[in-house]
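Chain residues, written in single-letter form:
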Amino acid sequence: MEKIIEENKQGTSLVKEQKEGNAKKLFIESYGCQMNFSDSEIVASILANEGYNTTQNLEEADLVLVNTCSIRDKAEQTVRKRLEQYNAVKKINPSMKVGVLGCMAERLKDKFLEEEKIVDMVVGPDAYKDIPNLLKEVEEGRDAINVILSKEETYGDVQPVRLSSNGVSAFVSITRGCDNMCTFCVVPFTRGRERSRDPQSIVEEIQDLWNRGFKEITLLGQNVDSYLWYGGGLKKDFDKASEIQKATAVDFAQLLDQCASQFPKMRFRFSTSNPQDMHVEVIEVMAKHHNICKYIHLPVQSGSTRILKEMNRQHTREEYMALVDKIYELIPDISLSQDMIAGFPTETEEDHQDTLSLMEHIRYDFGFMFAYSERPGTLAARKMEDDVPEEVKKRRLNEIIDLQQRIALERTQRFVGQTVEVLVEKDSKRSDKHWSGRNSQNTVVVFPKEEYKPGDFVMVKISDCTTATLIGEAIGYSEKMQ
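Residues numbered from 1 in each chain as written. Predicted model: local features only at pLDDT ≥ 70, side-chain atom pairs only at ≥ 80, totals over all residues. Heavy atoms only, no water.

## What about the side chain of asparagine 180?
Defined as follows: Numbering goes from the N terminus for both helices and strands, where a helix is a DSSP run of H or I of at least four residues and a strand is a run of E of at least two. Throughout, exposure labels follow a simple rule: accessible area from a 1.4 Å probe, protein chains only, divided by the maximum for the residue type, with under 20% read as buried, over 50% as exposed, and the rest as partly exposed. What qualifies as a polar contact is a pair of N or O atoms within 3.5 Å, subject to a donor-acceptor requirement within protein and to the restriction that residues adjacent in sequence count only when both atoms come from side chains. The contact rule is simple, with two residues in contact once any of their heavy atoms fall within 4.5 Å.
In this fold, asparagine 180 is placed in the loop between strand E9 (175-176) and helix H6 (187-191). Judged by relative accessible area, asparagine 180 falls into the buried class, the value being 12%. Polar contacts involving the side chain of asparagine 180 include one to the side chain of glutamine 276, which spans 2.9 Å. Setting aside its immediate chain neighbours within four residues, asparagine 180 contacts Pro188, Asn223, Asn274, Gln276 and Asp277.

Structural data, given as structure tokens:
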């Protein structure tokens with residue numbers, strides 16, 4: 001659940017520039033969080049060297065891959081329905097091969113080959129470099145599977161293609177896996193233990209993106225604040241490192257500071273943060289640099305200390321609120337967003353009221369809110385009864401959503417009358433005469449195009465707003481970022 005899942009991007013088929021000489025066609029679709037979409041870019045890069053160009057035409061594909069998510073049952077059911085549609089195409093084009101990638105592949109493993117007869121290949125998140133070998137197995141008439149989780153793999157040596165990019169913003173993965181055994185979450189079982197990527201490879205990837213005209217980077221990981229590079233290896237083994245390794249280790253605050261300092265004209269974001277691992281040094285680095293966006297996605301899941309303990313979250317309600325108070329003290333104009341679960345096992349009405357009161361205190365700008373659904377393989381599924389009735393879950397979820405929408409409108413209204421810096425990204429959804437971009441706080445801003453273009457940093461005077469969108473007029477280019 002520690003992931004932002006953008007519903008409007010689910011099932012996007014991705015396409016990149018065609019590599020001359022490649023004759024085979026790859027159709028790749030992604031579901032789930034930003035990490036899955038980033039992984040699809042890695043897979044496409046690996047397969048480009050194997051003779052595959054991407055296509056958005058399913059019917060002409062030689063290889064169809066679906067990158068899957070296990071965070072919610074809805075995501076898995078969507079993938080199963082999509083596989084049925086692939087099957088209809090495969091009847092017309094029987095030579096087409098189908099593979100399942102990612103978290104759902106890791107969770108179900110060889111069951112996928114048994115349950116979904118259409119599937120030829122099952123590949124876990126740490127086995128993408130093995131896809132060329134698995135394809136050879138498939139071509140020789142054998143089912144192929146590799147779901148081995150790695151202690152080292154970070155794909156730091158793979159330069160991802162930018163499949164669905166607007167040419168302005170891009171994701172750069174800095175960690176893989178997660179060590180936080182939250183009882184509701186399947187990620188540690190589908191993506192393995194936490195390990196960090198060599199900072200030099202991160203900087204080199206950012207430099208390449210800068211050279212190609214990108215203006216904003218999101219540093220990405222299941223838990224970015226836990227980033228720790230000491231020469232390679234698992235985060236949990238850091239205590240076994242040599243004294244030299246410990247003395248020269250790079251943590252997230254240092255990495256963020258290095259990136260912002262080395263690329264002062266590029267804007268930086270990061271996701272996702274875990275409250276137990278966010279230290280004051282990260283907040284101080286954010287406050288220090290103009291080009292680090294004033295926005296943190298800080299999942300809390302519940303406002304009840306008792307429920308947080310049941311979830312195996314390593315913080316209390318009071319510790320979370322103290323952290324947020326410190327963030328507001330150092331960065332008063334920051335925006336925060338949350339993940340929230342309604343109806344976790346044993347949740348009482350008092351626990352639910354604790355969540356609502358925490359939201360009132362924190363004043364989140366955005367939220368990602370769900371009713372609890374039991375995920376097979378998680379600690380909660382194995383040890384806890386899903387005992388909150390569905391109608392109670394839905395009512396509590398609606399109360400959380402209603403409160404968030406009210407607070408979000410109040411938070412968005414604070415920008416009316418202000419002038420904000422906006423990175424132009426794309427056409428507005430509602431008008432091709434307007435640009436759409438985001439300010440530092442991650443709020444969407446819409447304004448007339450005039451002479452501006454995607455990739456420009458523009459100062460926009462805000463005159464109006466909706467719950468989640470600011471409306472204004474450009475008054476000139478940003479001097480700070482030009």
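Next comes the rest of the account.
## Examining the pattern of salt bridges
Put simply, the rule is: Salt bridge, as used here, is a side-chain nitrogen of Lys or Arg placed within 4 Å of a carboxyl oxygen of Asp or Glu.
Per the stated rule, a full pass over the model turns up 37 salt bridges. The partner of arginine 269 in a salt bridge is glutamate 216, with the nearest N and O atoms 3.2 Å apart. A residue pair is termed long-range when its members are at least 10 positions apart, and arginine 269 in strand E14 (residues 267-271) and glutamate 216 in strand E11 (residues 216-220) qualify at 53 residues. What makes arginine 269 buried here is its relative accessible area of 5%. Two residues, lysine 236 and aspartate 237, come together in a salt bridge whose shortest N-O distance is 3.3 Å. Assessed through its relative accessible area of 40%, lysine 236 is described here as partly exposed. Through salt bridges with shared partners, a single network forms among Asp39, Asp126, Arg176, Arg191 and Arg195.

## A closer look at the sheet that holds strand E20 (residues 444-448)
This is how the line gets drawn: When DSSP finds two or more bridges between two strands, those strands count as paired. Lines fitted to the C-alpha atoms define the axes, with helices restricted to the stretch that makes contact. Angles between their N-to-C directions range from 0 to 180 degrees.
Spatially, E18-E19-E20-E22-E21 is the arrangement adopted by the five strands of the closed barrel, whose pairing is mixed. Pairwise comparison of adjacent strand axes, ignoring direction, gives a mean angle of 55 degrees for this sheet. In this structure, strand E18 (residues 419-427) lies alongside strand E21 (residues 457-465), joined through five bridges in antiparallel fashion. Opposite valine 422, over in E21, you have valine 458 as the bridge partner.

## Quick look at the nonpolar core
Threshold: Here, nonpolar core means buried Ala, Val, Leu, Ile, Met, Phe, Trp, Tyr and Cys residues that are tied together by side-chain atoms lying within 4.5 Å of each other.
If you look at the biggest cluster of nonpolar residues, it comprises 54 residues, and the most contacted ones within it are Ile206, Leu219, Phe252 and Phe270. Ignoring anything within four residues of it in the chain, the contact list for phenylalanine 252 reads Ile174, Leu219, Val224, Asp225, Tyr227, Phe270 and Val282.

## Some points on the pairing of strand E17 (residues 366-371)
Rules: Seen with its strands pointing away from the viewer, a crossover is right-handed when the path leading from the first strand over the helix to the second is clockwise.
Taken together, the six bridges between strand E16 (residues 335-342) and E17 define a ladder with parallel strand orientation. From the neighbouring strand, isoleucine 341 faces E17, where its bridge partner is phenylalanine 370. Once the chain exits E16 it traverses helix H13 (residues 349-362) before rejoining the sheet at E17, and the crossover so formed is right-handed.

## Overview of the packing of helix H12 (residues 317-330) against H13
This is how the line gets drawn: Note on angle classes: values under 35 degrees are labelled roughly parallel, values over 145 roughly antiparallel, values of 65 to 115 roughly perpendicular, and the remainder oblique. If you view the pair so one helix is near and one far, a crossing is left-handed when the near helix is turned anticlockwise from the far one by less than a right angle, and right-handed when it is turned clockwise. Throughout, the ten residues Ala, Val, Leu, Ile, Met, Phe, Trp, Tyr, Cys and Pro are labelled nonpolar, Asp, Glu, Lys and Arg are labelled charged, and all others, Gly among them, are labelled polar.
For the pair H12 and H13, the least separation of the axes is 11 Å and the interaxial angle reads 10 degrees. Taken as axis vectors, H12 and H13 run roughly parallel relative to one another. By crossing handedness, the relation of H12 to H13 is classed as right-handed. Residue-level inspection shows Arg317, Tyr320, Met321, Val324, Asp325 and Tyr328 of H12 in contact with H13, the latter providing Asp354, Ser357, Leu358, His361 and Ile362. The residue inventory of the contact of H12 with H13, partitioned by class, reads six nonpolar, two polar and three charged.

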